[in-house]
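One letter stands for each residue in the lines below.
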Amino acid sequence: MTTAPARPIIPAPRTAVLDDAHVGDIRGALGTIRQDDHGERRGLSAKLKTLLAIVGPGLIVMVGDNDAGAFATYGQAGQNYGTSLLWTLLLLIPVLYVNQEMVLRLGAVTGVGHARLILERFGKFWGAFSVIDLFLLNALTLVTEFIGITLAAGYLGLPKVASVVLAAGVIIASAFTGSFRRFERIAIFLCAGSLLLVPLYFMIHPASSQMAHDFVVPTMPGGSGELATVMLLIIGIVGTTVAPWQLFFQQSYVIDKRITPRFMKYEKADLWIGIAIVVIGAAAIMGMAAAAFAGTHGFGNFDDTAGVAAGIKAHAGRVAGVLFAVALLDASIIGAFAVSLSTAYAIGDVFGMNHSLHRGLKGAKGFYAVYAALVAVAATIVLIPGSPLGLLTQGVQTLAGVLLPSASVFLLLLCNDKAVLGPWVNGPKTNAFTAVVVGVLVMLSVILTASVLFPDITAVAILDIMAACGVAGVLAAGYAFTRRQVGTKEDPIDRTGRQAWRMPPLDTLTKPVMSTTRKIGMGALRTYLLIAMILVVIKIVQVALGQ
């Protein structure tokens, strides 16, 4: 009797995924997809079940974007200028989709977080630069979420200290369950709470025809004397709608949910659902504030979101004011969830710590420690008597506006890195659109920085900045077009087999070669960011000291 030869053991292919908890079944809040489920989805029922299991990353990142800062910004736009700035939301829809589609693609294809990819592909300086910036900016942003919690609690007549401590406890405990599914169910439940704005909208009855007109027809309220103020508010709307933390959060959350390229179309649908909810919510806040303050002494005199709630109460009754305050409280908690988690993911990525909501506290101590510490410090700052909360809010908005172009540049470069995305790299249309977006963000960043340094900046100066940035953009586009014409024709992108393509392990990738043009561009960006950040910080300190 002969013995059959033993089958050779074929080792499992190495993966680029940094945390092995990121591999396995997709256990979403609304459904499960097994890791070995490779069947084709046929029929509406099967596709709907798959979508329900995938829903989460796009929805949470978008609804989390309508946080305390967003309530304040949209409320200010509505109270001071009616619905005349609604068109900015329409323009931001493609920006939101293109930016977030690129990061969800990076997450699903690479299995590696945004911060780690920057570190590996652009070097330690830029990796450290991006993570330190994200950490500081997110910490300050988290403070603004707790400011929103105190304003909502104060309006509802709840004790400040108890409300902040309870909210911090809920935010921390929700992540400490050791179950991704439990966390996502809590997060989606809170996302559903954002729909309170819909009945509230109908209670206040804004002029729907005027809102529809202002949504598609751009106008600039006020005369030339108010151009500077209006431009700064528009920049605030852009900054609160397209924030750097979103990029880091969604990429890491897609990875932690174990979503792979074969589910890309479902994740894109999830993103569109989130965009629809965030735009409807933003428009509703702007419309409600416009209707509540029209013809009153409060029109044009925005103070804070508690003042908006009071105006809504005076216009539509006590229940309406309470609903708005509850929606603000809900939004602040969702924002705190997302901002804290994006930071913990990024720190875990860079320092090689276990970083997954699938792990319990013992399996990812550093990850949970970063998350809890951020929440605890932010809550403590808000409770310190005499804390310059208004100044902190201003500083967050300013720094976010300054740093946003940098985040977009790295995103664009990563999505054109063939070693990273292979057949999933950007096409020419996406690159062209994103390049325009980056140019506009740089222009808005320059205007924002100038306005902080020179509070009395004139409309003429702002128009001069816009014109100079426009000329620079045209010259850059002309140079890029000329290089494309005289250079070698780029090989067409082979998209075949991309559903199964994943990024190889990071240590096997060839390091990208930095061209002279890219080095000059990155150096210029680095110099601008450092100078702008230093000047903004100096200005904020001067204001704090009363100078």
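Scroll up to find the structure.
Each chain carries its own residue numbering, running from 1 in the written order of its sequence. The predicted origin of the model limits local features to residues at a pLDDT of at least 70 and limits the giving and counting of side-chain atom pairs to 80 or more, whereas totals for whole chains, interfaces and linings rest on all residues. As a rule here, side-chain values cover all heavy atoms of the structure and leave hydrogens and water aside.

Engineer: Can you tell me about the overall build of the protein chain, naming the residues and giving the values?
Structural biologist: Along its length, the protein chain carries 21 helices and two strands. Exposure is judged per residue with a 1.4 Å probe applied to protein chains only, and the accessible area is read against the type maximum: over 50% gives exposed, under 20% gives buried, and values in between give partly exposed. The buried share of the protein chain, taken over its 547 residues, is 53%. Considering only intrachain contacts with a sequence separation of at least 6, the fraction spanning at least 24 residues in the protein chain is 84%. Each helix corresponds to a stretch of at least 4 residues labelled H or I by DSSP, and each strand to a stretch of at least 2 residues labelled E; elements are numbered beginning at the N terminus. By definition, residues are in contact when any of their heavy atoms lie within 4.5 Å.

Engineer: Before we move on, can you summarise the packing of helix α6 (residues 124-155) against helix α7 (residues 160-175) with the specific residues and values?
Structural biologist: Two numbers describe a pair of packed helices, the interaxial angle and the distance between the axes. Remark: α6 packs on α7, axes separated minimally by 9 Å, with the N-to-C direction vectors making an angle of 130°. Of the possible angle classes, the one that applies to α6 and α7 is oblique. The way α6 lies across α7 gives a crossing that is right-handed. Seen from α6, the contacting residues are F146, I149, T150 and A153; seen from α7, they are K160, S163, V164, A167, A168 and I171. In this classification, Asp, Glu, Lys and Arg are treated as charged, Ala, Val, Leu, Ile, Met, Phe, Trp, Tyr, Cys and Pro as nonpolar, and every other residue, Gly included, as polar. Among the residues forming the contact of α6 with α7, the class breakdown is seven nonpolar, two polar and one charged. Orientation is described by lines fitted to C-alpha atoms, with helices fitted over the stretch in contact, and by angles between N-to-C directions that extend from 0 to 180 degrees. The cut-offs work like this: below 35 degrees is roughly parallel, past 145 is roughly antiparallel, 65 to 115 is roughly perpendicular, and the gaps in between are oblique. Handedness of a helix crossing follows the sense of rotation of the near helix relative to the far helix, less than a right angle counterclockwise being left-handed and clockwise being right-handed.

Engineer: Go over the packing of aromatic side chains with me, naming the residues and quoting the values.
Structural biologist: Each Phe, Tyr or Trp ring (for Trp, its six-membered ring) is paired with any other whose centre lies within 6.5 Å, and the angle between the two planes then decides the class: stacked below 30 degrees, edge-to-face above 60, tilted in between. Within this structure, the stated rule accounts for eleven aromatic pairs. On the basis of an interplanar angle of 90° and a centroid distance of 5.4 Å, the ring pair of Y201 and F202 is categorised as edge-to-face. Accessibility expressed as a relative area gives 16% for Y201, which makes it buried. What makes F202 exposed here is its relative accessible area of 52%. Within the aromatic cluster, the residues linked to one another by ring pairs are F176, Y345, F367 and Y368. A positively charged side chain is recorded as over a ring if its NZ (Lys) or CZ (Arg) lies within 6 Å of the ring centre. The angle to the ring normal must also be within 35 degrees. The residue whose ring lies beneath R498 is W424, and the NZ or CZ to ring-centre distance is 4.2 Å.

Engineer: Quick rundown of the pattern of salt bridges? Include the residues and the values.
Structural biologist: Any Lys or Arg side-chain nitrogen located within 4 Å of an Asp or Glu carboxyl oxygen qualifies as a salt bridge. The final tally for this structure, using the stated rule, is eleven salt bridges. Across the pair D37 and R41 runs a salt bridge whose closest N-O atoms are separated by 2.8 Å. In this structure, E120 engages K511 in a salt bridge whose closest nitrogen and oxygen atoms are separated by 3.5 Å. Of this pair, E120 sits in helix α5 (residues 114-122) while K511 sits in the loop between α20 (459-486) and α21 (516-544), and the two are 391 residues apart along the sequence.

Engineer: Can you lay out a nonpolar patch on the surface for me, pointing to particular residues and giving the numbers?
Structural biologist: On the surface, L530, I531, I534, L535 and I538 cluster together into a nonpolar patch covering about 420 Å² of accessible area. Along the polypeptide, I538 turns up in helix α21. Each patch is built from salt-bridge-free residues with over 30% relative accessible area, joining like charges within 9 Å and nonpolar side chains (Val, Leu, Ile, Met, Phe, Trp, Tyr) within 5 Å. Methods summary: accessible areas were calculated by the Shrake-Rupley approach with a probe of 1.4 Å, and residue burial reflects only the protein chains presented.

Engineer: An account of the side chain of T88 is needed here, citing residue identities and associated values.
Structural biologist: Checked against the element boundaries, T88 lands in helix α4 (residues 87-110). Of the residues examined, T88 reaches a relative accessible area of 4% and is grouped as buried. The contact partners of T88, leaving out residues within four places of it in the chain, are I234 and I237.

Engineer: I'd love a proper account of the packing of α4 against helix α13 (residues 264-293), names of residues and values included.
Structural biologist: Between α4 and α13, the least distance of the axes is 10 Å, while the angle of their chain directions is 150°. Our classification of the angle between α4 and α13 gives roughly antiparallel. With respect to the hand of their crossing, α4 and α13 are arranged in right-handed fashion. Residue-level inspection shows L89, I93, L96, Y97, Q100, E101, L104, R105, A108 and V109 of α4 in contact with α13, the latter providing M264, E267, K268, L271, W272, I275, V278, V279, A282, A283 and M286. Considered class by class, the residues forming the contact of α4 with α13 number 16 nonpolar, one polar and four charged.

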